Every structure is written in C-alpha cells, then in structure tokens.
Amino acid sequence: MNRRLIFAMLTGLWIAASGMSALAAPVTEKIESDISSRNIAIESNFTGQKIVIFGTIENSRQSDFEPGLYDVVVAIRGPKETIISRRKSQVAGIWINSKSQTFANAPGYYALLSGRELKDITDRTTLNAYGLGFDSIAFRPLGAKTSSMATGGLGEFRRAVVRIKQREGLYIYNPEGIVFVGRNLFRATVDLPANVPVGKYAADVYLLREGDVLSHNRSHLTIDKQGFERFVFSAAFDYPLAYGIIAVIIAVCAGLLASALTRRD
Amino acid sequence: MFEIYLPIAEMSVNLLVLLGMGGAVGFLSGMFGVGGGFLMTPLLIFSGIPPAVAIATEANQIVASSVSGALAQWRRGNVDIKMGTVLLVGGMTGAVVGVQFVKLLRQTGQIDLIISLSYVTFLGIIGSLMLIESLRAIRRAKAGNPVSMRRPGQHNWIHGMPLKMRFKRSKLYISAIPPLLIGTFVGLLAAIMGVGGGFIMVPAMIYLLRVPTSVVIGTSLFQIIFVTAMVTILHSATNQTVDVLLAVVLMVGGVIGAQFGARAGQHLKGEQLRALLALMVLGVCLRLLFDLVVEPDELFSIGRAIGGH
C-alpha cells in the first residue's frame, strides 16, 4: 500500500517535472554576428572595400539544410547626413536647379541584405518599425509641414535621394545577399565604394521567423581617413586659414623649383 | 593600380589620368604662353571633380605656374611692379568679393550653373575672337603680306580720368582707376572660375591701358601670383575646397608638359597653332553649353548641406 502510494507520487512528480521543464526553458532562437573588419582606413590607395558580416543562429529549430524557417536581414547604416535634394527645371533654355528639399538624418550609407525579397519576409509595419528597406528609411524632411513622405512633391525629392545614392553605390539592396553556410551559419558580403562617407557605422542583424523579429544583434564599424588623407582633411576643416597659406607656400616652392630645374642659360 | 584618393574632392581618381591632364594642359600653356586655367578647370569638372573644388584647387595650381613664369620674365626685366601693384590691389578686392559670392552660390545650389555659364561666355567670346584672328592671319600669310600687329594709338578716353599716376616701366602717365577696375574684374573671375585671368588681363593691358607689349606678360603674371594666392587662401578659409593633393599632382604634370610645349612651340607655325587652340577652346565651350541646354537624364541632384560638416 505504502510502496504503491510512493510509486504513484513519484510517477506524478516525474510527469509534472518533465512537463514543467518543457514550460520553464523553451528553446529561444538567438542571433550572434560580427563584421570582418571593425576599422576601415581610407588612405591614398583606397578604392573601396568589401566587408563580410557573418553570424550564427543559436538554438535553431531547423533540423535540415533546407532554408525556409528563418530569415536573416542585415542592415548597415552609415553616419547621418543632412542632404539637399534639388530638382532642375528649364529657365530660358537652360536647365537650372530650382526647387529643393532638405532631409535631415539621412544615412550617408545604407545597405540592406536579405535572403529573399523584403516584402515576402514580413509586413510593412514591421519593416517601418525596424527601418528595413529604402521605403522605411527615416528621412526627416526639414521645413515641410507634413511627414507623409510618400505623397506629393516630397516623395519625388525623397525618391531622388535614394535613386542617386543607389547609383553612387551608397544605397544597396540585395535580396540575395545572405548566404547560409550549413544549417545555422550565415554570411553576407557588402561593398563599401571609394566615395563611402567617413564616420561610425552600425551593422544590425535581425532574425525573423514567420514575419516576427525574434532576435537582433548589432556590431559597429568605424570608417576613417588615415595617414596623409586624414591629415589633409582635418587640416582643411580645422585650420582652414593655415591650410590655405600652406597650400600657397607649397605652390610657390613648386614654382621656384620648376624654374630652377628648367633654367638653362 | 594607380588610383589615388583625393581627400577634399572625396573621390578616387587615376593618378596617370590626372598627370596626363596636367601635362596636356601644361603642354598647351607652354606652347601658346597661356595660363591654362581656363582649360584645366573644365577638364576637372568633366572628370567628376566638384566644380567648387575644381576652381579653388586650380587657383592653387596657377600660383605655381605663374611663379615660374613671372620669374623668367623678371630676369628679363619685363615686370612693371608699380602697374602690377595697382592691378593687384583691384585684384584682391575682386577676389574677396568673388569668394563670398561663391560661398553664397554654394549655399543656394547654383555654383555649378554659374561656373558653367561663366565658362561658356568667356570661352565662347575668346575662342571666336582667336579663331577669327588666326584665320585672318593665315589668309594674309597665304596672300604674301607680312603679318603685322595693329599699333595702339596714342590717346583714348582713359587719359581723361583723374588720379593720374606715373608708370615708369610702362612709360605711361594714366589714371589709376582703369587698372584698378580691370584688376577687380580679373580678381572676380579668378575667384569664380579658377583662372589666372591672363586672357582678359593681357588684351585689356594692351588695348585699354596701352602698356608696351614687352612688359604686359610679365606684369600680368606678377599680379596673377598674388591674386591666385589670395583666392586660394580665401577659398580655403571660407569654403574648404582646396585639394592640396590634386593641386600638387596637377603642378607636376603641368611643369613637365610646359617644358615640352615650349620646345614644340618654337618649331611650329603660330597662326595654325592659334587656330587649333581656338578650336579647342570652342570645343570645351560647346561641351559645357550642351550640358546646360540639353535636358539631363537625371533632373535631380543631391548634395550635403553646406556648413553641416
């Protein structure tokens, strides 16, 4: 009698415990990532660079190599700029800049990489919330009354910024940019062109399943002019008068040198 | 391989292309004895350098080329310091006003337009005049008549103005107002177009001031040194648009090119060369005009807000 009771209680406990443990520690997916280089130096031979963002999905529930359960989206955002978008119109036969719209907080660089088209991954609300995709970049128009950017003339100026930045290689959207290596390991390669703006960059990596963001991981990247380029650039902007005087001295010396070298009497 | 990154223009360009451009323009300036700024600045703009950086940097390069040019003239005693000083007082004034004007144009987004329009106007006028003059000379040479320059007359309206000064080297006793005004105008052009302004200064001195031709080039180069130096410093202080690296590369190319140009110029016929230069000037003018008149593929342009650096 006693033994049977104890056995029953133990069995009950075991069942409860196993049920509890399943409830208490559900497997949560997490994303971890990093960038191939955290500091990029722009020197006189800089013609652009490729960087690799790689990472892994922890506690993945995916059992086989077939993709589909998860989506990884990578967004790399450069330093904020105040950008003026200008439209030309014809005046007396000549095309001149007429209307303009200024946008604050425009990323100087924006690269978005995913495994498939953004619209197939999640809805617009989520894209906007995380600033994913060109349409969701939070440009702040200055001096405009409404913030509804998709409507009216403002949208035209906004689209122009995206279009021109895309042409310059500074805005990138690659829906085939995420490559899975094995079951949980992924990598994404992105181009930083020669005209990439200097400053602090953030690489955000998002893990999504069925349209919901499960996990987010951020790593940082600094792009800076180095060596002679940095020296010239900071001199020009921090000590502009001295820079100008030195520029003239260099030119005068070059002129004197040239006439000394080429003089033959 | 030979790409270099220009720190102020913020772009990567091919070093050999830049040297080649500097060399080609230097060759022409050596051959014709012209400054070359009016060809170099459009070339820089065509190759994608922001126009504001192109004009400021070109002013810096002209300092170098005019120093070596003026020195050669100085050794031959062809510089009228007093006349040059009066011209450059005006030139400094023009430079100050011009650089402020450029700053204003940059803020309102019209700088590219004004630079292009200035070039179309001046290249158009000068190219046409040169072409007409050289074609006439060629025709005259064919007819067998000797090529003669029109001698400037003795008096004109300028001699009636007050503030008269004696310019010994130029053997002139004229009012200081016309050289001041000419200097101011050329200083303005130097600041807006990134040129030395010899193409205005030289004819103005010959035909308006009646300065003897022997001292014209030397005196013009003398004041160009100081005006372009001033323009360089002011552009740097006001607009931060002088790219020293670009300027140095252009200087190197220019010096080398000028040597070959000067030698080549000695063996070739003047009229044909002038006609050729005129055609080149007109070609650059038409290209700039074309870009202004034809509807661009992209109506929009973007730029970083000035002052937000």
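Residues numbered from 1 in each chain as written. Chains lettered and ligands numbered in written order. Predicted model: local features only at pLDDT ≥ 70, side-chain atom pairs only at ≥ 80, totals over all residues.

### A word on the overall build of chain A
Here's step 1: Assigned secondary structure in chain A consists of six helices and 13 strands.
Here's step 2: Across the 265 residues of chain A, 30% fall into the buried class.
Here's step 3: Within chain A, counting contacts between residues at least 6 apart in sequence, those at least 24 apart form 69% of the total. (Helix = DSSP H or I, 4+ residues; strand = E, 2+ residues; numbered from the N terminus. Buried ≥ 20, exposed ≤ 12 C-beta atoms within 10 Å, placed from the backbone. Contact = placed C-beta atoms within 7 Å.)

### Re the confidence of the model for chain A
Here's step 1: In the predicted model, chain A carries a mean pLDDT of 85, and 84% of its residues have values of at least 70.
Here's step 2: Note on residues 146-151 of chain A: pLDDT under 50 across the span, and six contacts to partners over four residues away in sequence or across chains. (pLDDT = per-residue confidence, 0-100.)

### Description of unusual backbone geometry
Residues and elements named next belong to chain A.
Here's step 1: With a phi angle near 50°, Ala92 is a residue other than glycine that sits in the positive phi range.
Here's step 2: Unusually for a residue other than glycine, Glu210 sits at a positive phi of about 50°.
Here's step 3: Along the polypeptide, Glu210 turns up in the loop between strand E12 (199-209) and strand E13 (212-225).
Here's step 4: Classification of Glu210 by C-beta neighbours within 10 Å gives exposed; the count is 10.

### Quick look at helix H2 (residues 37-46) of chain B
All names here are of chain B.
Here's step 1: Of all 10 residues in H2, eight are buried, a share of seventy percent or more.
Here's step 2: When H2 is considered as a whole, its buried residues turn out to be Gly37, Phe38, Leu39, Met40, Thr41, Pro42, Leu44 and Ile45.
Here's step 3: Downstream of H2 by one or two residues, Gly48 has phi in the positive range, about 100°.

### Details of the environment of Val198 of chain A
Residue and element names in this part refer to chain A.
Here's step 1: Along the chain, Val198 turns up in the loop between strand E11 (185-192) and E12.
Here's step 2: Note on Val198: 19 C-beta atoms within 10 Å, which makes it partly exposed.
Here's step 3: If we skip the residues at most four places from it in the chain, Val198 touches Ile42, Ile223, Asp224 and Lys225.

### Considering the interface of chain B and chain A
Here's step 1: Taken together, the contact pairs 47 residues of chain B with 48 residues of chain A.
Here's step 2: Secondary-structure elements contributing two or more residues to the side of chain B that touches chain A are strand E1 (3-6), strand E2 (11-14), helix H3 (51-75), helix H8 (213-239), helix H9 (244-266), helix H10 (270-293) and strand E5 (300-304) of chain B.
Here's step 3: Looking at the side of chain B that touches chain A, the element that brings in the most residues is H3 of chain B, giving nine residues.
Here's step 4: A breakdown of the residues in the side of chain B that touches chain A according to their chemical character gives 28 nonpolar, 15 polar and four charged.
Here's step 5: The pairing of strand E5 (residues 80-91) of chain A with E5 of chain B spans five bridges and is classified as antiparallel. By the bridge assignment for E5 of chain B, Arg86 of chain A is matched with Ser301 of chain B. (Nonpolar A, V, L, I, M, F, W, Y, C, P; charged D, E, K, R; others polar. Pairing = 2+ DSSP bridges.)

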